Amino acid sequence: MNQWWKNTVFYEIYIRSFCDTGQNGKSGIRGITSKLPYLKELGVGGIWLTPFLSLSKGR
């Protein structure tokens, strides 16, 4: 079995503050995917998304 993760650089992303493409104070999948080419250029082979909780606007 190929254990690629043993020799791969991982980058941990805290979703709420990584890249705010909507300029609303929150990040999201669009912000993350917009930076994937840059992360690959840095030699990152995997990303770890920190757990997050989606809260409704009314709270």
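Before going into details, it helps to say that this report is about the structure given with it. The shown structure was predicted, so the numbers you read here are calculated from the model rather than taken from an experiment.

Cut-offs used in this document
Residues numbered from 1 in each chain as written. Predicted model: local features only at pLDDT ≥ 70, side-chain atom pairs only at ≥ 80, totals over all residues. Heavy atoms only, no water. Helix = DSSP H or I, 4+ residues; strand = E, 2+ residues; numbered from the N terminus. Buried < 20%, exposed > 50% of the residue type's maximum accessible area, 1.4 Å probe, protein only. Contact = heavy atoms within 4.5 Å. Phe/Tyr/Trp six-rings, centres within 6.5 Å; stacked < 30°, edge-to-face > 60°. Core = buried A, V, L, I, M, F, W, Y, C linked by side-chain atoms within 4.5 Å.

Let's talk about the overall build of the protein chain
And step 1. Counting its regular elements, the protein chain contains two helices and two strands.
And step 2. Ordered by position in the sequence, the α and β elements of the protein chain form the string β-α-α-β.
And step 3. Counting the 59 residues in the protein chain, one finds 17% classified as buried.
And step 4. Taking the contacts inside the protein chain whose residues are at least 6 apart along the sequence as the reference set, 46% of them involve residues at least 24 apart.

Regarding the packing of aromatic side chains
And step 1. For the coordinates displayed, the defined rule picks out two aromatic pairs.
And step 2. Seen from their ring centres, W4 and W5 are 6.2 Å apart, and the 85° between their planes marks the pair as edge-to-face.
And step 3. Judged by its relative accessible area of 39%, W5 falls in the partly exposed class.
And step 4. Each residue in the set W4, W5 and F10 is aromatic and connected to the rest through ring pairs, giving one cluster.

A short note on the nonpolar core
And step 1. In terms of nonpolar packing, the biggest core is built from five residues, these being I13, I15, I32, L39 and V44.
And step 2. With sequence-adjacent residues up to four places away left out, I32 is seen in contact with I13, I15, F18, I47 and L49.

A few points about the side chain of T50
And step 1. Position of T50 among the secondary structure elements: in the segment after β2 (44–49).
And step 2. Take T50: its relative accessible area is 10%, and that puts it in the buried class.
And step 3. Residues contacting T50, with those up to four places away along its chain left out, are E12, I13, Y14 and I15.

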